[in-house]
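The lines below spell out each chain.
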Amino acid sequence: MVAVKLVHAAGGVPWRGSEVALVYRPRYGDWTLPKGKLEKHEHPLIAAVREVREETGLTCVPQVRLPTIRYLTGEPNVEKVVDFWSMRVCADAGREPDDEIAEVRWVPLAEAPGRLSYKHDRGVLAAFAKLPRITAEIALVRHVYAGTKHAWHGNDRLRPVDSVGHEQAAQLATVLEVMTPDRVVSASPQRCRETVLPLAEKFGLSVKVDPAFDEDSPAGLAGAVEALRALAAEGGSAVVCSQGKVIPPLLRELRPAGTGKAEDFETPKGSGWLLGMAGTTVVGADRLEP
């Protein structure tokens, strides 16, 4: 049996209003969704945003994960696997036509399936078309490693991030940078604030402390739910750092209808979730693992 080589790629459905962006590739004579191969060790979410920008000139914020497609490339025993996200356009630098992409065209969503050359792309677009309008993106992450309670003899709220945690925080900031956040929020403990500080500094933001996301918050789960929904209601893109006993029940409370089991929301330190919000409702929860 001949082994099949998998090539991993990522892309998106960039949208504005009721239109989506498609690209024409003269080499293949096709209309398709913007996408491209991952670079070595590149995170799929970073690759998706990069490839969309390179093929369209659009800077986008990823929102909700769409279906992953697989297809044979035409090369012997090579199969491509492509991850897709819906993407909110936040800037358009334009793109000059070249041998790779001859045209970027904005097409009304209702007309786009008829323009696309491939059935698998039409399937991704159909999933996008079923989504409600995404009005906010929130990354909900758990703090990085900060040693152990037993080895720390001071106030546990002041327990700092350790050397492993600093490396995790840098990796997390690299992934979350694609969200171009306008707000960075943290639970009270120092390890939570230090987790998102590198990201905040990249964007010239301050870390806003909100005790509603603390494990021992007097407001309990209801307070965390209210705080997250309030962030979503403001629109835009936000990053929230909380704790291990808060995130799973919070996501179970906000879980998109018909998705996931309770244990699916367990969140290791230094990881989290990309939440696509329609108003104050979670439409998609995509695991973030730097």
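What counts as what
- Residues numbered from 1 in each chain as written.
- Predicted model: local features only at pLDDT ≥ 70, side-chain atom pairs only at ≥ 80, totals over all residues.
- Heavy atoms only, no water.
- Disulfide = S-S within 2.5 Å.
- Buried < 20%, exposed > 50% of the residue type's maximum accessible area, 1.4 Å probe, protein only.
- Salt bridge = Lys/Arg side-chain N within 4 Å of Asp/Glu carboxyl O.
- Helix = DSSP H or I, 4+ residues; strand = E, 2+ residues; numbered from the N terminus.

Draft legend 1. Representation of the state of the cysteines in the model. Applying the stated rule across the entire model yields zero disulfides. Of all cysteine sulfurs in the structure, the one in Cys-60 sits closest to Cys-90, which takes part in no disulfide; the separation is 6.5 Å. Judged by relative accessible area, which is 39%, Cys-90 ranks as partly exposed. Not part of a disulfide, Cys-241 finds its nearest cysteine sulfur in Cys-192, a span of 4.4 Å.

Draft legend 2. Inspection of the pattern of salt bridges at higher detail. Under the criterion given, the structure shown has 17 salt bridges. Two residues, Arg-16 and Glu-19, come together in a salt bridge whose shortest N-O distance is 3.1 Å. Residue Arg-16 is classed as partly exposed on the basis of its relative accessible area of 39%. Across the salt bridge formed by Arg-88 and Glu-137, the nearest N and O atoms sit 2.8 Å from each other. Taken together, the residues Arg-88 in strand β6 (residues 78-92) and Glu-137 in strand β8 (residues 136-142) connect sequence positions 49 residues apart. Taking relative accessible area as the criterion, Glu-137 reaches 0% and is therefore assigned buried. One network of salt bridges, with partners in common, ties together Glu-39, Glu-42, Arg-50, Glu-51 and Glu-54.

Shape descriptors only; they carry no functional weight alone.
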